Each structure stands twice: as C-alpha cells, then as structure tokens.
Amino acid sequence: MSLPLFIEVQSTLLNLAFIESSYVEDTTLYVAVRDEVHEFEYEDEERALRGLVALRELLASRSLLIGSVK
C-alpha cells in the first residue's frame, strides 16, 4: 500500500496526487486540486513566484511525505 503524499501551502495540506495545475497572477498563487482552486496570497509577486517554484519542485520530486511551501 502506498501512502498519500501531501504538501503544506500556507497551513493548507494539499494531496500531490490531485493537483492538476498551478500558476501565479499578481501576488496570488493559484493551485487547482480536482474541482477546487485554492488561492494563496503573498506580499509581492516575487514571493508568489518563489512559492510556485517550490511547489513545482516538490511535485517533480514526489519523494517527500510532507513538504512545505511558505
């Protein structure tokens, strides 16, 4: 049995298996998880983009049981 892999984005746990897409618009990171879109606000666009990069790195590695995106 395999364990589900989760990441934490600003105190919200997201299941890696169900993340369909993610992008940044202005200072907001949007993450589509199945039929929901989560919005994560950042202080500026640079920090939102760093959050997106961190999210994509965790998705690509899928080696962490729990990761965190600040």
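Refer to the preceding data block for the structure.
Rules used in this analysis
Residues numbered from 1 in each chain as written. Predicted model: local features only at pLDDT ≥ 70, side-chain atom pairs only at ≥ 80, totals over all residues. Heavy atoms only, no water. Phe/Tyr/Trp six-rings, centres within 6.5 Å; stacked < 30°, edge-to-face > 60°. Lys NZ or Arg CZ within 6 Å of the ring centre and 35° of its normal. Buried < 20%, exposed > 50% of the residue type's maximum accessible area, 1.4 Å probe, protein only. Helix = DSSP H or I, 4+ residues; strand = E, 2+ residues; numbered from the N terminus. Pairing = 2+ DSSP bridges.

(A) How the structure looks around the packing of aromatic side chains. Within this structure, the stated rule accounts for one aromatic pair. Taken together, a centroid distance of 5.0 Å and an interplanar angle of 20 degrees make the contact between tyrosine 23 and tyrosine 30 stacked. Here arginine 34 stacks its cationic end above the ring of phenylalanine 18, 3.6 Å away from the centre of that ring.

(B) A look at the pairing of strand β1 (residues 6-9). The side-chain alternation of β1 yields one buried face, formed by Ile7 and Val9, and one unburied face, formed by Phe6 and Glu8. Here four bridges tie β1 to strand β2 (residues 12-15), and the two strands are oriented antiparallel to one another. Bridging from a neighbouring strand, glutamate 8 pairs with leucine 13 of β2. Joining the antiparallel neighbours β1 and β2 is a turn of two residues, in which glutamine 10 adopts a positive phi near 45 degrees.

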